[in-house]
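Spelled out, the chains give:
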Amino acid sequence: MKVEEKILQAVAEIIKEQFGQEAPAATLTLQKTRKEFEGDFSFVVFPFVKMARRSPEQTAEAIGNALLEKLPEISSFNVIKGFLNLSLDGLYWLEFLSREMNNVRFGLRDQQGGAPVVVEYSSPNTNKPLHLGHIRNNLLGYSVACILEAAGNKVHKVNLVNDRGIHICKSMLAWMCFGNGETPASSGKKGDKLVGEYYVRFETELRSQVKKMMETSGISEEEARKTAPLMLEAQELLRKWELRDEETLSIWEKMNGWVYEGFDATYKRLGVNFDKVYYESETYLLGKDLVNEGLEKGVFVRRADGSVWVNLTSEGLDEKLLLRADGTSVYMTQDLGTAQLRFDDFKAEKMIYVVGNEQNYHFDVLQKVLKKLGKPFADSVFHLSYGMVELPEGKMKSREGTVVDADDLMDEMVETARRTTEELGKTKDFNEEEKARLFYIIGLGALKYFILKVDPKKNMLFNPAESIDFNGNTGPFIQYTHARIRSILRTAGQEQVEAIQIRMPADKLNLRERNLLRTLNEFPQVVAEAAAELSPAQIANFTFELCKEFNQFYHEHSVLNEPDEQVSDFRIKLSQLTAITISNAMGLLGIEVPERM
RNA sequence: GGUUCCGUAGCUCAGUUGGAUAGAGCAACAGCCUUCUAAGCUGUGGGUCGCAGGUUCGAAUCCUGCCGGAAUCGCCA
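What am I meant to see in the packing of aromatic side chains here?
Aromatic ring pairs are described here by two measures, namely the spacing of the ring centres and the angle between the planes. Inspection of the entire model under this criterion finds 20 aromatic pairs. Judged by centre distance (5.7 Å) and plane angle (85 degrees), the rings of Phe 46 and Phe 83 are edge-to-face. Residue Phe 46 is located in the loop between strand E2 (41-44) and helix H2 (49-52), and its partner Phe 83 is located in strand E4 (residues 83-88); the two are separated by 37 residues in the primary sequence. Both rings, one in Phe 477 and one in Phe 544, keep their centres 5.6 Å apart while their planes meet at 65 degrees; by these two values the pair is edge-to-face. Here Phe 544 lies in helix H20 (residues 536-556) and Phe 477 lies in helix H18 (residues 475-491), a separation of 67 residues in the sequence. For the residue pair Phe 477 and Phe 544, the accessibility class agrees, reading buried in each case. Taken together, the aromatic side chains of Tyr 92, Trp 93, Phe 96, Phe 106, Phe 523 and Phe 542 make up a single cluster linked through ring pairs.

Below is the structure:
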């Protein structure tokens, strides 16, 4: 049993013995002692002063004295107002360290069995390259998957690629009309960028057609857009695609192939991956069976024009279309189908969709429709809704050219890492390959930490004019702390800690060491909470706290120059566990930590 | 207009199953490298936790109203 639970259990017994009343579990709260007071854990006695019929101070004293007798782990206590501050015996902390110091998986649970969790993230369209918004999505999805895994879940990462539809046809059409056979190989352009250019080209050409039509025939912009030759051709292309026209399909396959090559490069550099990739072209028809099912069950209705609707007004929402009059499916139809497919594929206990908060309504509807259908997995659908990344001037808009491209941003980060590192003169004895590797690790680390340290559900601000910081609460600060520790361990010749017992007497444990141990001890719990909340930010904040504490310790006490051999040995082990923890925690964020920097 | 989310230091963010004097980082200023990496450490200044009520021994945290911002309310995805 964890010592926190032991304390609470003992306190409950004491309250019953001394005050003759059962303490409701919810009123028993143990918290970390704030650093301005002495102690490890603090118990709040306010809820019990009434039943104790004593002052808060007296109540705390009474509980404290009883605890001291009951639990050998507790060495002393002090009382400030209604707070009972408990100090653990140093021996407890030393035992914790010797238990975990060689555990390279500290904080990471093994798989616990049970149904798996599916995490869908990324879900790109194949007509445009990835941008900053996708970066947040990808980093979040990947990290959440890692965290769930570390909490003992079996996890499947999946991607659902939107590879069909009118938007894809637009870039195809533009390439057919204006491309002159251009390929990534012939132009040296990255595949996704090339296709993206043709998508933009379509929009420009369309706009000039629309403008001309409005001038010559005086029709409205809306009307012109609908009837412009290019738009009609794009729709015709979509029809041909749905009829499996050979030529259309072959161009579609070719251009999507280019895009996937480009995406793969971006994903690889970003360090994310998937266990399974779904393609909408293969799944978009799946929802129709469910629509029929709903009609048979009488939970959906077919209107006179043939379209199918679901009425969600009793659930506080509107009526929602599920199938068009011509029988073709809409976004919701597809998502119903893929939810079923995903459940059939994995029998998951939870299906997490990492999708921006602009789709809150859609997922609300999705879940309610699945419930209407009586699907048992309706409650397993969970929308991990994250906030938008905004620029100082507001939302990114492709039309105004303010979209921050994913590849460009990574380039800039690596370049900043290079410049900063070389200014500091830290890589004199690195060869070219080592340097490139280091700059990549630092640059990506800075970017990932910057994004993941913010609570997922909140909108966040990115200012391209100010480069992402490398000092303070940042990825490089954490990476630096790790490199520092590894340097000590190298010098000590103990890159792998030997399994010798700690011999330092417990009373030599100083404040910094104690703080560090206390923080390290929290890591498994932090992982559990981050998994429950699906929040990488909690891992990030914990790791920053840990690094700050290590640096304070490092500054005040020497590890290798400590004359007392037992103390020095203890500090090496303490440093080792800190390095393991930093590395594991950053791993959960998809961030690598260097040996030297 | 309806629904949902957000509002904490000049800026970016922590802190919300209700607990102590609301914390970090950046920016500003002042210190610390003959000792294990100064991407570090220490200190100073900086706050009506959007506003007003309410519940409570105790509210940034829970409830109500208002103000401000965002998203959404398509036979788009």
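Help me out: how do you make sense of empty space enclosed by the protein in this one?
Over the atoms, a rolled probe matching the size of one water molecule traces out where space is still vacant. Scanning all chains against the criterion turns up 2 cavities of 30 Å³ or more. Lining the largest cavity are Tyr 440, Ile 441, Leu 444, Gly 445, Lys 448, Gly 590, Ile 591 and Glu 592. Taken as a whole, the second largest cavity spans an internal volume of roughly 30 Å³. For the lining of the second largest cavity, the elements supplying multiple residues, two or more each, are helix H6 (166-178) and helix H11 (246-270). The element best represented in the lining of the second largest cavity is H11, accounting for 4 residues.

Looking at this structure, I do not really get the sheet that holds strand E10 (residues 319-323). What am I missing?
Strand pairing within a sheet occurs via backbone hydrogen bonds; the two strands may be parallel or antiparallel. In space, the 3 strands of this open sheet follow the order E8-E9-E10, with antiparallel pairing throughout. This sheet does not close on itself; its edge strands, each paired only once, are strand E8 (300-302) and E10. Mean inter-strand twist for the sheet, computed between neighbouring axes without regard to direction, equals 35 degrees. For E8 and strand E9 (residues 308-311), the ladder comprises 3 bridges, and the chain directions are antiparallel. Following the sheet pairing, Phe 300 is matched in E9 by Val 310. Sheet contacts for helix H13 (residues 287-297): E8, E9 and E10; angle to E8, the most-contacted strand, approximately 95 degrees.

I'm lost on unusual backbone geometry in this one. Help?
The phi dihedral of Ser 122 is positive, around 80 degrees, even though this residue is not glycine. Note on placement: Ser 122 falls in the loop between strand E5 (117-120) and helix H5 (132-150). Non-glycine residue Arg 244 carries a positive phi angle of around 60 degrees. Within the secondary structure, Arg 244 sits in the loop between helix H10 (229-242) and H11.

Just to check I follow, could you spell out the pairing of strand E12 (residues 381-386) for this structure?
When a strand is regular, its side chains alternate between the sheet's two faces. Taken across its 6 residues, E12 has 5 buried, putting it largely inside the fold. In this view, the connection linking strand E11 (residues 350-356) to its parallel neighbour E12 by way of helix H15 (residues 360-372) has right-handed handedness.

Parameters at a glance
Each chain carries its own residue numbering, running from 1 in the written order of its sequence. Note on labels: chains are lettered from A, ligands numbered from 1, in written order. A pLDDT threshold of at least 70 governs which residues receive local features in this predicted model, and a stricter bar of 80 or more applies before side-chain atom pairs are shown or counted, although totals over entire chains, interfaces and linings include all residues. Processing note: side-chain calculations cover all non-hydrogen atoms of the structure and skip hydrogens and water entirely. Between rings of Phe, Tyr and Trp, where Trp is taken as its six-membered ring, a pair exists when centres lie within 6.5 Å; planes separated by under 30 degrees are stacked, by over 60 edge-to-face, and by other angles tilted. Runs of E in the DSSP output that reach at least two residues are strands. Runs of H or I that reach at least four are helices, and both are numbered from the N terminus. To sort residues, take the accessible area from a 1.4 Å probe on protein chains only and compare it with the maximum for the residue type: under 20% means buried, over 50% means exposed, and anything in between is partly exposed. Detection works on a 1 Å grid of protein atoms alone, calling trapped sets that fit a 1.4 Å probe cavities and calling open sets with protein on both sides within 12 Å along at least five of seven lines pockets, with lining residues defined by an atom within 4 Å of a point. Grid points are joined across faces, edges and corners, and a volume is the space filled by probe spheres set on the points. For two strands to count as paired, DSSP must find a minimum of two bridges between them. In this analysis, axes come from line fits to C-alpha atoms, helices being fitted only over the stretch in contact, and the angle between any two N-to-C directions falls in the range 0 to 180 degrees. The contact rule is simple, with two residues in contact once any of their heavy atoms fall within 4.5 Å. For the handedness criterion, the strands are oriented away from the viewer, and a crossover whose path from the first strand over the helix to the second runs clockwise is classed as right-handed.

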